[in-house]
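One-letter residues, chain by chain:
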Amino acid sequence: MLKTHYNHVEVEKGKYETWLKKGYFTAGDNSKMRFSMVIPPPNVTGMLHLGHAWNTTVQDIIARYKRMKGYDVLWVPGMDHAGIATQAKVEAKLREQNISRYDLGREKFLVQAWKWKEEYAKTIHSQWSVMGLSLDYSKERFTLDEGLSKAVKHVFVTLYNKGLIYRGERIINWDPVFKTALSNIEVVHQDDKGYFYYFKYPFVENPNEYLTVATTRPETMFGDVCLVVNPNDPRYSKYIGQKVINPANKEEIEIIGDSYVDIEFGTGVMKCTPAHDPNDFKIGEKYHLKRINIFNDDATMNENCPKEYVNLDRFVCRDKLVATLKEEGYLIKQEEIIHQVGHSERSKTVVEPMVKKQWFVKMGPLAKQALENQASEDKVEFIPERFSKIFENWMNDCEDWCISRQLWWGHRIPAYYSKKDGSILVSETEPENIDDYIQDEDVLDTWFSSALWPFSTLGWPEDTELFKRYYPLDIMVTAYDIIFFWVSRMIFQGLEFTKVAPFKKCLIHGLIRDEQGRKMSKSLGNGIDPFDVINKYGVDALRYFLTTSTSPGLDTRYSEEKVKASESYLNKIWNSARYVLMNIEDEKNLDNIDLSKLSLVDKFILSRLNKTIQNVTFNMEKYDFANASTHLYNFVYDDFTSWYLELSKVKMTSETKKVLLKVLKDIILMIYPYTPFIAEEIYLSLPNHLESICLESYPEFNPSEVFEEEEMKVNSLIKIIKDIRSFKVENNLQPNASIKLYFTAKDCSPEEIVPYLKRFSFASEIVLNKHMLSSKIYELGEIYIEEDIDKQEQIKKIEKELETLEFEISRGEKMLSNENFLLKAKKEKVDLEKEKLAKNLEKKKQYLNKLESLK
RNA sequence: GGAGACUUAGCUCAGCUGGGAGAGCGCCACCCUUACAAGGUGGAUGUCACAGGUUCGAGCCCUGUAGUCUCCACCA
């Protein structure tokens, strides 16, 4: 027997270990249809947060639901080495001991990094188990494990041989803290306060005249190679070909013309720094301009700058240069502005565009393929659909992907440079005469290996059984913030290498915010540790909250109040289970409900149950877990606990007991994917259970158990009871005050109804078939509550009823007298309204008769 | 500069293909009724941002306006 109160600590204890031991989550039953997913691999940088909890719970609901629906479910766990993020953490830890990665050297540093990985993998595993995730650990992978490394090399080499990976000197985003290149999307643009500086560039021929150039980054003037004006700009076109003095270093530079320059913007004269600005770089390419790199790798100034600036930090240099130019009279003015500045996603430092030799993936052909696929029938179905557009927009104008990183923690680029002639060898295996070669020092962007995750985890590029059976995946579940980083890259790599999209559906959810709607972040200190929540309210309550108080694709706010409400709901189910168990204790035969022996209310609840199963299943199939849970919730509260449990107390037949058990069991089965721990606990206390709820099937809709008439009648009974209750409140009577009732049945046998009336109205006496003039009319018949009021009061009451009735009748008549409504509305709607109107008119007639007699 | 989302009860949010406005929490009154006081019963509260349009009928569809937010974009 269950305890009086739901205690999450006791309920959760030991269950997950048992499930794992029994192998319930191990895929491989080939007799069933397959259903496959892989977990978005969390970074091995630290603890899981609420976002992970949300994301994984959604997947767990899917996995458990699909198992119940008879699928062989594979859900692959795994983690991501998270190159730059993890390396930063390991370096920070070493720094505490005053050790830099260079002190250790590559190999020893990697030993430290692997240690870090082992430690955090352990934490993540234990957190997954607390969350109750039904992962198949026998298939677990890590992005740096041997098989995945093999896949990465294979992809790199194949793309290289196809000409889709190239090495080139191009302008890239440089992170001067981590001293590595970044891809475009690892740069986040923020509004920063800065200055627009206006400088004089005097003409060589005529030093009294000058052009004014505005810039936000004066220090890059040391890298200027020319000025650019628009040839169509009447103010300046005449100067094209002339020379001016660069005030920063007093060197002569030419004025060239190019229509790129916006006549309206700034002064209309642009300085050109091909080595440190993406647009200037393009112009530089067009006109074969010099690229003068002025920065060291840590963004201090290098020897291409005047002596007094060398080795100064870029911002110190900026201030010093501005001060000098001001002194020399070159600074015309400076304006404070707010502008977008690129920062490194990881180090937060201001990114410096630099020309560097890096490896790139040529995006054009890959993007084209992805877009074509998305326009075809084999497209990835995004849920909600609008995210497809976001994916396509990005695919449409993405630049080549810089994939080399100047880090140590990651997949080392399989390119080898000959010591003899410097030629490049790109190969999956080391060259035999390795001593004659030097391997490229760089590693690949983390997302390069993540992009292969849906198939590399299944053993690809080997043609494994796992890959053959489970690929492509049925669904990928992720938040919208990594559509560009991850989803899009999985799609184009999947298409390129496996010829199909890596997953059929992509379920996108939002981000979780704090109670005020702000992002959770370390600097704000507003992060919520999911495991604190779990300790307090239980993992089921957290899971329920995360997956039900959210809307598809939208952000949600964390709300302790709602977690608490979830726990109350679970307690409600818990206690309803106690009631059922208490009542069926001594009943031996609980199977095979005999429909012919059911009472009115038994049929009512069975009917409601079946409609609920239908609605819940419909929404589960759409992956709309919030909506599915709402249907179940309303059924549990309104139909089951508020009414059926109470009504069942009137006449507890052995058939009723069977119904109680069936309804409870189906509720437990439907809530199970959301809240597996409490569901298992209750399930195991039911008679005739299997070894675990994990082995159960999902409830099926049964049309032969839908009883419209009984539903209608019980609803009418409920209405009567509610009216009696309000009558008592209105008349300041205690809820259990005894009253005298008059009941004249219609379309039902009074014997069936009276016991319920008696119990719920606390009636001391129920008089049957005695027509009372001021009784109220229901589907089940007429009800009159005896009270001490005079004729006038009774008339008033009836007139009030008539008034509301009149309102409804006129609404119906208006509708039905509208020809267009009759012509254009759906037939069912018209019939429904007709029926309603007829009923109301009949009711009105009866009330009028009463009124007549009273008067 | 583009793209998208959001605006519904005091607060947080639901409202499925257009057919009589909902939940949780909070608030008021009453009730320890033998599953549950982490509860029950009854109740109050909404020009569904604004303005047009389509429609027999609009919270829902279309257009515009305002506000909030997010993403993308090289504007020196």
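Up top is the structure these notes are about.
Figured I'd write up the structure that's included with this text. Quick caveat, the model's predicted, so the values are computed rather than measured. (Residues numbered from 1 in each chain as written. Chains lettered and ligands numbered in written order. Predicted model: local features only at pLDDT ≥ 70, side-chain atom pairs only at ≥ 80, totals over all residues. Heavy atoms only, no water.)

Observations concerning the overall build of chain A
When helices and strands are tallied, chain A shows 27 helices and 29 strands. Here chain A has a C-alpha radius of gyration of 37 Å; the compact-globule value for 855 residues is 29 Å, and the former is much larger. Structurally, chain A occupies a C-alpha span of about 115 × 65 × 50 Å along its principal axes. Scored against the burial criterion, the 855 residues of chain A give a buried share of 54%. The long-range share in chain A, meaning contacts at least 24 apart out of those at least 6 apart in sequence, stands at 77%. Summing over all exposed atoms, chain A offers an accessible surface of approximately 39,600 Å²; the carbon and sulfur share of this is 49%. (Helix = DSSP H or I, 4+ residues; strand = E, 2+ residues; numbered from the N terminus. Rg over C-alpha atoms; globule rule 2.2 N^0.38 Å. Buried < 20%, exposed > 50% of the residue type's maximum accessible area, 1.4 Å probe, protein only. Contact = heavy atoms within 4.5 Å. Areas by Shrake-Rupley, 256 points an atom, 1.4 Å probe, with all protein chains shown as cover.)

Here we look at the sheet that holds strand E27 (residues 763-768)
Here four strands make up an open sheet; going across it, the order is E27-E26-E29-E28 and the pairing mixed. The open sheet has two edge strands with one neighbour each: E27 and strand E28 (776-778). Sheet twist, expressed as the average angle between the axes of neighbouring strands with direction ignored, equals 25°. Inspection of the sheet shows E28 paired to strand E29 (residues 781-785) by three bridges, in the antiparallel sense. From the neighbouring strand, isoleucine 777 faces E29, where its bridge partner is glutamate 782. Strands strand E26 (739-745), E27 and E29 of the sheet are contacted by helix H24 (residues 750-761), whose axis makes an angle of about 155° with E26. (Pairing = 2+ DSSP bridges. Axes fitted to C-alpha atoms, helices over the stretch in contact; angles between N-to-C directions.)

A closer look at the sheet that holds strand E7 (residues 187-202)
In a beta sheet, neighbouring strands are held together by backbone hydrogen bonds and run either parallel or antiparallel to one another. Sheet architecture is open: three strands sit in the order E8-E7-E13, paired in antiparallel fashion. Edge positions in the open sheet fall to strand E8 (210-215) and strand E13 (331-344), since each of these has one partner strand only. Averaged over all pairs of adjacent strands, the angle between strand axes in this sheet comes to 20°, irrespective of strand direction. Direction of pairing for E7 relative to E13: antiparallel, over a ladder of 13 bridges. Bridging from a neighbouring strand, histidine 189 pairs with glycine 342 of E13.

Observations concerning the nonpolar core
With 132 residues, the main nonpolar core has Ile62, Leu507, Met620, Phe625, Phe640, Leu741 and Leu757 as its most contacted residues. Among residues more than four places away in sequence, those in contact with phenylalanine 625 are Val58, Ile61, Ile62, Leu507, Thr547, Thr548, Met620 and Tyr674. Listed in part, the 60 residues of the second largest apolar core include Cys398, Tyr417, Trp447 and Phe448. (Core = buried A, V, L, I, M, F, W, Y, C linked by side-chain atoms within 4.5 Å.)

Notes on the protein's contact with RNA strand B
In the vicinity of RNA strand B, 55 residues are found, and the nearest of them are Tyr260, Glu561, Arg578, Lys824 and Lys829. A share of 56% is what sugar and phosphate atoms reach among the atoms of RNA strand B within 4 Å of the protein. Backbone polar atom of phenylalanine 265 to a base nitrogen of RNA strand B: 3.0 Å apart, as the coordinates give it. Here arginine 811 contributes a side-chain N or O atom positioned 3.3 Å from a base nitrogen of RNA strand B. Put simply, the parts of the chain that give the surface near RNA strand B at least two residues each are helix H11 (386-396), helix H18 (560-584), helix H20 (625-648), helix H23 (708-730), helix H25 (791-817), helix H26 (819-824) and helix H27 (827-854). A total of 12 residues in the surface near RNA strand B trace back to one element, the largest contributor, which is H18. A breakdown of the residues in the surface near RNA strand B according to their chemical character gives 19 nonpolar, 16 polar and 20 charged. (Near = heavy atom within 4 Å. Polar contact = N/O pair within 3.5 Å; in protein donor to acceptor, adjacent residues only side chain to side chain. Nonpolar A, V, L, I, M, F, W, Y, C, P; charged D, E, K, R; others polar.)

Quick look at H11
Looking only at H11, the buried set comprises Phe387, Ser388, Phe391, Trp394 and Met395. The buried residues of H11 all sit within an arc of 130° when viewed along its axis, so they share a single face. Exposed side chains of H11 directed beyond 90 degrees from the buried face belong to Lys389 and Asn396. Those residues of H11 that are buried lie in contact with helix H10 (363-374), strand E15 (381-383), helix H15 (483-498) and strand E23 (503-509). (Arc of directions from axis to C-beta.)

Brief notes about helix H19 (residues 600-621)
When the terminal C-alpha atoms of H19 are compared, their 32 Å separation across 22 residues agrees well with the 32 Å that a helix rising 1.5 Å per residue should span. Burial analysis of H19 places 17 of its 22 residues in the buried class, the great majority of the element. Looking one or two residues past H19, tyrosine 623 carries a phi angle of roughly 60°, positive in sign. (Expected span 1.5 Å × (residues − 1).)

A closer look at the environment of glycine 266
Residue position: glycine 266 is located in the loop between strand E11 (251-257) and strand E12 (269-272). Distance from glycine 266 to phenylalanine 196, taken between C-alpha atoms, is 9.2 Å for residues 70 residues apart in sequence.

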